[in-house]
Amino acid sequence: MAEETRTSSGPAGEAPASSSEGHGGHRPGPRGPRPAGGPGGAGREGGRKYFRRKKVCKFCVEKIENINYKDVRLLAQFVAESGKIVPRRLTGVCTPHQRRLSSAIKQARNIALLPFAGRAM
Ligand SMILES: [Zn+2]
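Quick notes on the rules
Residues numbered from 1 in each chain as written. Predicted model: local features only at pLDDT ≥ 70, side-chain atom pairs only at ≥ 80, totals over all residues. Heavy atoms only, no water. Helix = DSSP H or I, 4+ residues; strand = E, 2+ residues; numbered from the N terminus. Buried < 20%, exposed > 50% of the residue type's maximum accessible area, 1.4 Å probe, protein only. Contact = heavy atoms within 4.5 Å. Areas by Shrake-Rupley, 256 points an atom, 1.4 Å probe, with all protein chains shown as cover. Phe/Tyr/Trp six-rings, centres within 6.5 Å; stacked < 30°, edge-to-face > 60°. Donors = N, O, S within 2.8 Å, 3.2 Å for Na, K, Ca; no water. Expected span 1.5 Å × (residues − 1). Arc of directions from axis to C-beta. Salt bridge = Lys/Arg side-chain N within 4 Å of Asp/Glu carboxyl O.

Student: How do you make sense of the overall build of the chain when you look at a structure like this?
Tutor: Helix and strand content of the chain: four helices and zero strands. Secondary structure elements of the chain, listed N to C terminal, follow the sequence α-α-α-α. Burial statistics for the chain: of 121 residues in total, 18% are counted as buried. Contacts in the chain between residues far apart in sequence, at least 24 positions, make up 57% of those at least 6 positions apart. Carbon and sulfur atoms make up 51% of the accessible area of the chain, which amounts to about 11,500 Å² in all.

Student: Any chance you could explain the packing of aromatic side chains here in plain terms?
Tutor: Between two aromatic rings, the relevant description is the distance of the centres plus the angle of the planes. For the structure on display, the rule yields one aromatic pair. Relative to Phe 78, the ring of Phe 59 has its centre 5.3 Å away and its plane inclined at 35 degrees; by these criteria the two rings are tilted. Remark: Phe 78 occurs in the loop between helix H2 (72–76) and helix H3 (88–91) and Phe 59 occurs in helix H1 (residues 58–62); sequence separation between them is 19 residues. Take Phe 59 and Phe 78: they sit in the same class, and that class is buried.

Student: What exactly am I supposed to notice about the coordination of the zinc ion here?
Tutor: Surrounding the zinc ion are the protein donor atoms Cys 57 (SG), Cys 60 (SG), Cys 94 (SG) and His 97 (ND1), which sit 1.9 to 2.3 Å from the metal. Here the donor residues for the zinc ion map to a single chain with the spacing C-x2-C-x33-C-x2-H. Overall, the relative accessible area of 40% leaves Cys 60 in the partly exposed class.

Student: Any chance you could explain the environment of Lys 106 here in plain terms?
Tutor: With respect to the secondary-structure elements, Lys 106 resides in helix H4 (residues 95–110). Under the relative-accessibility criterion, Lys 106 is labelled partly exposed at 45%. Each C-alpha atom of the pair Lys 106 and Ile 85 lies 9.3 Å from the other, and the pair is 21 residues apart in sequence.

Student: Honestly, H4 in this entry has me stumped. Any pointers?
Tutor: For an α-helix, 3.6 residues make a turn, and residues three or four places apart therefore share a direction. The end-to-end C-alpha separation of H4 is 23 Å, in line with the 22 Å expected for 16 residues at 1.5 Å each. His 97, Gln 98, Leu 101, Ser 102, Ala 104, Ile 105, Ala 108 and Arg 109 are the residues of H4 that are buried. Along the axis of H4, the buried positions cluster into a sector of 165 degrees, meaning they face one direction only. Across H4 from its buried face, at more than 90 degrees, point the exposed residues Arg 99 and Asn 110.

Student: How do you make sense of the pattern of salt bridges when you look at a structure like this?
Tutor: Pairs may arise between side chains of opposite charge once their charged atoms sit close together. In this structure the tally under the stated criterion is one salt bridge. The residue Glu 62 makes a salt bridge to Lys 58 at a minimum N-O spacing of 3.5 Å. Of this pair, Glu 62 and Lys 58 both sit in helix H1, four residues apart, which is roughly one turn of that helix. The exposure class assigned to Glu 62 is partly exposed, which follows from its relative accessible area of 45%.

Student: I tried to follow unusual backbone geometry on my own but got confused; where do I start?
Tutor: Trans peptide bonds make up the majority, and among non-glycine residues the majority have a negative phi. At Lys 63, a position not held by glycine, the phi torsion is positive, near 55 degrees. Tracing the backbone shows Lys 63 in the loop between H1 and H2. Judged by relative accessible area, which is 71%, Lys 63 ranks as exposed.

Such coordinate-based values are descriptive only and should not be taken to indicate function.
Pasting the structure below:
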């Protein structure tokens, strides 16, 4: 127990890295989009631009089972200005209804009641 701690392998005369200068491990200049210490935890409030709506499927509420593709007023509520179908997340429509809705919208498009998404251009 008195012996010095041996470096793993014998007395090979390896020069300790002393002559190679230059490559340090540190890079000068911390760059990156992270300012240390931001405005602090802002919490989760106030991030949304859209104010909350009740997320309840409109069709379930109104008990509309069959979505009529001729009902443009109804469909238009679920079509963005660009003509795209608004995703379920935003509208809160449940999956089965969203399906019917989207197919109804597509039918409506075919008869030119609604615009196609990204038309022209
Ligand atoms: Zn529904």
